[in-house]
Amino acid sequence: MSYEYSENVLIQNSAGNVLEKKLGWEVVYAYNSEKLGENGTLGRTSYHEIVLKRYLRQALLKNNDWLTEEECTAAIKTLCAYTASATLMQINEEKYKLLRDGIPVQCKKPDGTFETRTAKIFDFEHPEENHFLAVKEMKIHGDLYRRRTDIVGFVNGIPLLFVELKKQTVDVQDAYTCNYTDYLSTIPQLFHFNAFLMLSNGLEAKVGTLGSKYEFFHEWKRLQEDETGAVDLETMLLGICNKQNFMDLFENFILFDHSGGRTAKIFARNHQYLGVNEAMESYKARKLKEGKLGVFWHTQGSGKSYSMVFLAQKIRRKFAGSPTFLILTDRDELNKQISDTFEACGCLGSVKASKCIPSSGARLVEMLEGNPSYIFTLIQKFNQPDAKPIIPDHDIIILSDEGVSTVSLRRICVKCFRLLPVSVLQELRCSSMTTSRREPLVPISRCMIFSVLWTTVQLFRFTMRIAVICLISRIPKSMTNFLQQSKPQTLMSTNSQSLNWNLQRIYILSQHNHVWKRLQEILCLTIRSSGQRGRQCLSV
């Protein structure tokens, strides 16, 4: 099959049609048809240029009505300048901050003095007002080599999107190893401003960031939470290159993590983007929800700490006021890990993470009475029984990490809400069994959450992990036959205290319906054996 009918027509043109007809991008085919010059096809004066200054100048003058032509030229010069000794990652991080926050410009005042103002490149509040351009087969010349890219996506003249395509019979990883890595060394200027890297053969698509190994490129399966999902290129383009999503992802879902003496560029995964935006909607309606924002589920290793950072950063950018984020854990190592992540991603500014960790329960009360941006604490430090309730004049957003997997949530109910009766609650739980799924919170004053993580040999035979979550409240017994099995009667504990609650639901969070009958048998046996070891159990 010739090149024209394998990659260009079947994959590249199909992607261009999605961008143009479904997403409203302008699409230009540049190979052997681009005319150089300020009035040329793209406004480039040479093939070495990767910033389309014609569109950039138009955007700067449009988004900054105070900007003069001379100041606009100076802003473009500042944006395009870089230090030759800097690494590609350092340049990319510097450019990202300028693109997101604006370019500092020296403006002359009527009295002859100068002041520094910030020139905005993008209109994040009105994504449709930005200019979206996709260029196919664009020639780019490096110092020694010449290359031609499949698709480069420009927003207001800035090359934010890179797409490398292969024919359907070629593995997607070849786009990474054979093309992308070659471009990094031959035309590195293309990636000075890059935000998103897409690799695809049409049937499968991966997205990642500069500096990421191929195994950290991930799929974009769903546009909405309730969809089954697909891994093809069209789904990824519709999910990421939708104008509103594209600008939202660029502004709020990119981080630079400086942990361990190296810089890693982090881009949100599909479930993080959907989950954080769901949490944002809940935060908007926090008064109607009485401060209960919900539960954000994660699989193990799917980045719950980064999800916290994305959520905190977006709330600070998009909402007025100065909320305090109270991050709760139940282990010192987990508390240190999360606080170090916030520090490494630049959320704390020049403040060290250790300054945001209270040394005692009394110090925790002092910090809550103020208005710090972040507090990282153990739930055990809510240990001041005589402390007066705190009624703040700002929101206190509680992020409870793994709160459902221990008795931490019950302690929060008893201690945290006694101290913070009007706080806003956001619970994030790390679960190794489920994908990004949510269940509405039962009113905490009338319920108790009891969770069990099954890691038995029997369950590993099915190559899966299961979390059983029992939500217990006073409801009719007719709702207790969830598993179509003998009816559970009481929740017992080995200290001879009987908690006479009725069972509302038992959730078996699994992708494999064919093992349900077997799991019912394992469930009953495991519960009984757990009771013999001195742990809480269900009497069935």
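Preceding block: the structure.
Everything in this summary refers to the structure shown in the same document. (Residues numbered from 1 in each chain as written. Predicted model: local features only at pLDDT ≥ 70, side-chain atom pairs only at ≥ 80, totals over all residues. Heavy atoms only, no water.)

1. Observations concerning the overall build of the protein
The helix and strand tally for the protein stands at 14 helices and 21 strands. The buried share of the protein, taken over its 540 residues, is 52%. Taking all contacts inside the protein whose residues are at least 6 apart in sequence as the whole, residues at least 24 apart take part in 67%. As displayed, the protein offers around 25,900 Å² of accessible surface, 49% of which is attributable to carbon and sulfur atoms. (Helix = DSSP H or I, 4+ residues; strand = E, 2+ residues; numbered from the N terminus. Buried < 20%, exposed > 50% of the residue type's maximum accessible area, 1.4 Å probe, protein only. Contact = heavy atoms within 4.5 Å. Areas by Shrake-Rupley, 256 points an atom, 1.4 Å probe, with all protein chains shown as cover.)

2. Points about the sheet that holds strand β6 (residues 158-165)
If you trace the 6 strands from one edge of the open sheet to the other, you get β1-β4-β5-β6-β7-β8, paired in mixed fashion. Strands at the two margins of the open sheet, each flanked by one partner only, are β1 (26-29) and β8 (205-208). Going from strand to strand, the sheet's axes swing by 25 degrees on average, the running direction of each strand aside. Here strand β7 (residues 196-200) pairs with β8 via 4 bridges, running antiparallel. Considered in β8, the bridge of Met198 is made with Val207. (Pairing = 2+ DSSP bridges. Axes fitted to C-alpha atoms, helices over the stretch in contact; angles between N-to-C directions.)

3. Re the pairing of strand β5 (residues 146-155)
Within β5, 7 of the 10 residues are buried, leaving the element largely enclosed by the surrounding structure. Inspection of the sheet shows strand β4 (residues 132-141) paired to β5 by 9 bridges, in the antiparallel sense. What sits directly across from Phe132, in β5, is Val155. Linking β4 to β5, which pair antiparallel, is a turn of 4 residues.

4. Brief notes about unusual backbone geometry
Note on backbone geometry: most residues besides glycine have negative phi, and most peptide bonds are trans. A positive phi angle, close to 60 degrees, is found at Asn32, a residue other than glycine. Structurally, Asn32 is set in the loop between β1 and α2 (53-63). Not every positive phi belongs to a glycine, and Asn156 is a case in point at roughly 55 degrees. If you trace the backbone, Asn156 turns up in the loop between β5 and β6.

5. Quick notes on the nonpolar core
Core analysis: the biggest nonpolar cluster contains 113 residues, and Phe122, Ile158, Phe246, Phe250 and Phe342 have the highest contact counts within it. In this structure, Phe250 is in contact with Tyr96, Leu99, Arg100, Phe122, Phe124, Leu160, Ala195 and Phe196, ignoring residues within four places of it in sequence. Counting 12 residues, the second largest nonpolar core, distinct from the first, contains Leu328, Leu364, Val365 and Ile396. (Core = buried A, V, L, I, M, F, W, Y, C linked by side-chain atoms within 4.5 Å.)

6. Quick look at the side chain of Glu93
Along the chain, the position of Glu93 falls in helix α4 (residues 88-101). Of note is the side chain of Glu93, whose polar atom sits 2.8 Å from the side chain of His258. In this view, Glu93 contacts Phe256, His258 and Thr263; residues no more than four positions away in its chain are not counted. (Polar contact = N/O pair within 3.5 Å; in protein donor to acceptor, adjacent residues only side chain to side chain.)

7. Things to note about the packing of aromatic side chains
Aromatic ring pairs: the centre-centre distance and the angle between the two ring planes describe each pair. All chains considered together, the criterion is met by 28 aromatic pairs. Pairing Tyr176 with Tyr180 gives two aromatic rings, centres 5.3 Å apart and planes at 50 degrees, and the pair type is tilted. Highlighted residues: Tyr176 and Tyr180, both in helix α5 (residues 173-186), separated by 4 residues, approximately one helical turn. Across the pair, Tyr180 and Tyr176 agree in class, each one buried. A ring pair is formed by Tyr283 and Phe319, whose centres lie 4.9 Å apart and whose planes are at 90 degrees; its orientation type is edge-to-face. Taken as a pair, Tyr283 in helix α8 (residues 270-284) and Phe319 in the loop between α9 (304-318) and β12 (324-329) lie far apart in primary sequence, 36 residues in all. (Phe/Tyr/Trp six-rings, centres within 6.5 Å; stacked < 30°, edge-to-face > 60°.)

8. Quick notes on the packing of helix α7 (residues 243-252) against α9
Contact pair α7 / α9: the axes reach a minimum separation of 10 Å and the direction vectors enclose 105 degrees. Put simply, α7 runs roughly perpendicular to α9. For the pair formed by α7 and α9, the contact residues are Asp248, Glu251 and Asn252 on the first element and Phe310, Lys314, Arg317 and Lys318 on the second. Grouping the constituent residues of the contact of α7 with α9 by class yields 1 nonpolar, 1 polar and 5 charged. (Parallel < 35°, antiparallel > 145°, perpendicular 65-115°, else oblique. Nonpolar A, V, L, I, M, F, W, Y, C, P; charged D, E, K, R; others polar.)

9. Thoughts on helix α6 (residues 233-240)
Of all the 8 residues making up α6, 6 are buried; the element is thus mostly covered by neighbouring parts of the structure. Those residues of α6 not exposed but buried are Leu233, Thr235, Met236, Leu237, Gly239 and Ile240.

10. Overview of the side chain of Thr377
For Thr377, the location among the structural elements is in strand β13 (residues 374-378). Residues in contact with Thr377, not counting those within four places in the same chain, are Leu326, Ile327, Leu328, Thr329, Asn335, Pro358, Leu364 and Phe382.

11. Let's talk about the pattern of salt bridges
The tally for this structure, following the rule as stated, stands at 22 salt bridges. Salt-bridge contacts for Asp101 lead to Arg100; the nearest nitrogen and oxygen are separated by 2.9 Å. The class of Asp101 is partly exposed, set by a relative accessible area of 44%. Judged by its relative accessible area of 22%, Arg100 is partly exposed. A salt bridge links Arg147 to Asp182, with the nearest nitrogen and oxygen atoms 2.6 Å apart. With Arg147 in strand β5 and Asp182 in helix α5, this pair connects stretches of sequence that are 35 residues apart. (Salt bridge = Lys/Arg side-chain N within 4 Å of Asp/Glu carboxyl O.)

12. Comments concerning α4
The first and last C-alpha atoms of α4 sit 20 Å apart over 14 residues, in line with the 20 Å expected at 1.5 Å per residue. Buried residues of α4: Met89, Ile91, Asn92, Glu93, Lys95, Tyr96, Leu98 and Leu99, and no others. Against α3 (69-80), β2 (103-108), β6, α7, β9 (254-257) and β10 (264-267) lie the buried residues of α4. Positive phi appears at Gly102, one or two residues downstream of α4, with a value of about 115 degrees. (Expected span 1.5 Å × (residues − 1).)

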